[in-house]
Amino acid sequence: MSDDELSEALKKSLGIFGGSGGPGRIHVTRQGSGLKIWASHEIHNHVTAKPIFEGKATIEMARYIYNIGNPADMQLPLL
């Protein structure tokens, strides 16, 4: 997948806005627009906190996690 294709797939996967968390769990907030991901051990404010991944950094981390080294390969696990 090219960066543009991966970006579109990530936007769909992240969705408009969402998150998860709970006692003893990492709190995660995600936003497809801008490919933003926040994470912390405590509840965080996504408006004031800096995302741990945003834009190109999210694409690079997705390439690492999903082992997408070759942009010509379609990645069915991500879709």
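Every chain is numbered independently, its residues counted from 1 as its sequence is written. Given that this is a predicted model, residues contribute local features only at a pLDDT of at least 70 and side-chain atom pairs are listed and counted only at 80 or more, while totals for whole chains, interfaces and linings are drawn from all residues. Side-chain calculation: all heavy atoms of the structure are included, whereas hydrogens and water are not.

Draft legend 1. Main features of the pairing of strand β3 (residues 36-40). With 5 bridges connecting them, strand β2 (residues 27-31) and β3 associate as antiparallel partners. Bridging across to β3, Arg-30 finds its partner in Ile-37. A pair of strands is considered paired only if DSSP assigns at least 2 bridges between the two. In this text, helices come from DSSP runs of H or I with a minimum length of four residues, and strands from runs of E with a minimum of two, each type numbered from the N-terminal end. Hairpin connection between β2 and β3: a loop of 4 residues separates the two successive antiparallel strands, and Gly-34 in this loop has a positive phi of roughly 85°.

Draft legend 2. Region of interest: a nonpolar patch on the surface. Judged by side-chain polarity, Tyr-64, Ile-65 and Tyr-66 come together as a nonpolar surface patch covering roughly 390 Å² of accessible area. Partly exposed describes any residue whose relative accessible area lies between the buried limit of under 20% and the exposed limit of over 50%, with all areas from a 1.4 Å probe on protein chains only and scaled to the type maximum. With relative accessibility at 56%, the residue Ile-65 sits in the exposed group. For patch detection, residues must exceed 30% relative accessible area and be free of salt bridges, and they are connected within 9 Å for like charges or within 5 Å for nonpolar side chains (Val, Leu, Ile, Met, Phe, Trp, Tyr). The protein chains shown are the only cover counted for residues, whose accessible areas, like all others here, come from Shrake-Rupley with a 1.4 Å probe. One side-chain nitrogen of Lys or Arg within 4 Å of one carboxyl oxygen of Asp or Glu is enough to make a salt bridge.

Draft legend 3. How the structure looks around the side chain of Thr-58. With respect to the secondary-structure elements, Thr-58 resides in helix α2 (residues 56-65). What makes Thr-58 buried here is its relative accessible area of 5%. Among all residues touching Thr-58, those that are not within four sequence positions of it are Leu-10, Leu-35, Ile-37 and Phe-53. The contact criterion used is simple: two residues touch if any of their non-hydrogen atoms lie within 4.5 Å.

Draft legend 4. Looking closely at the packing of helix α1 (residues 3-14) against α2. Running from amino to carboxyl end, α1 crosses α2 at an angle of 95°, the nearest separation of the two axes being 10 Å. Classified by the interaxial angle, the pair formed by α1 and α2 is roughly perpendicular. Facing α1, whose interface residues are Asp-3, Leu-6, Ser-7 and Leu-10, α2 presents Lys-56, Thr-58, Ile-59, Ala-62 and Arg-63. Three residue categories are used. Nonpolar comprises Ala, Val, Leu, Ile, Met, Phe, Trp, Tyr, Cys and Pro, charged comprises Asp, Glu, Lys and Arg, and polar comprises the others, including Gly. Among the residues forming the contact of α1 with α2, the class breakdown is 4 nonpolar, 2 polar and 3 charged. For helices, the fitted line uses only the C-alpha atoms of the stretch in contact; every axis is such a line through C-alpha atoms, and the angle between N-to-C directions lies from 0 to 180 degrees. For this classification, under 35 degrees means roughly parallel, over 145 means roughly antiparallel, 65 to 115 means roughly perpendicular, and everything else is oblique.

Draft legend 5. The arrangement of the sheet that holds β2 in detail. Ordered by their spatial adjacency, 3 strands build an open sheet running β1-β2-β3, and the pairing between neighbours is antiparallel. One side of each edge strand has no neighbouring strand; the edge strands of this open sheet are β1 (18-20) and β3. Shown here is a sheet whose adjacent strand axes are inclined to one another by a mean of 10°, direction ignored.

Draft legend 6. Layout of the pairing of β2. With burial as the criterion, only one face of β2 is covered, namely that bearing His-27, Thr-29 and Gln-31; the residues Val-28 and Arg-30 on the opposite face remain uncovered. Summarising the sheet, β1 and β2 pair through 3 bridges and their orientation is antiparallel. Across the sheet, Gly-19 pairs through a bridge with Thr-29, a residue of β2.

Draft legend 7. Structural detail: the environment of Ser-7. One can find Ser-7 in helix α1. Along the sequence, Ser-7 and Gly-32 sit 25 residues apart, while their C-alpha atoms lie 9.1 Å from each other. If sequence neighbours within four positions are ignored, Ser-7 has contacts with Leu-35 and Ile-59.

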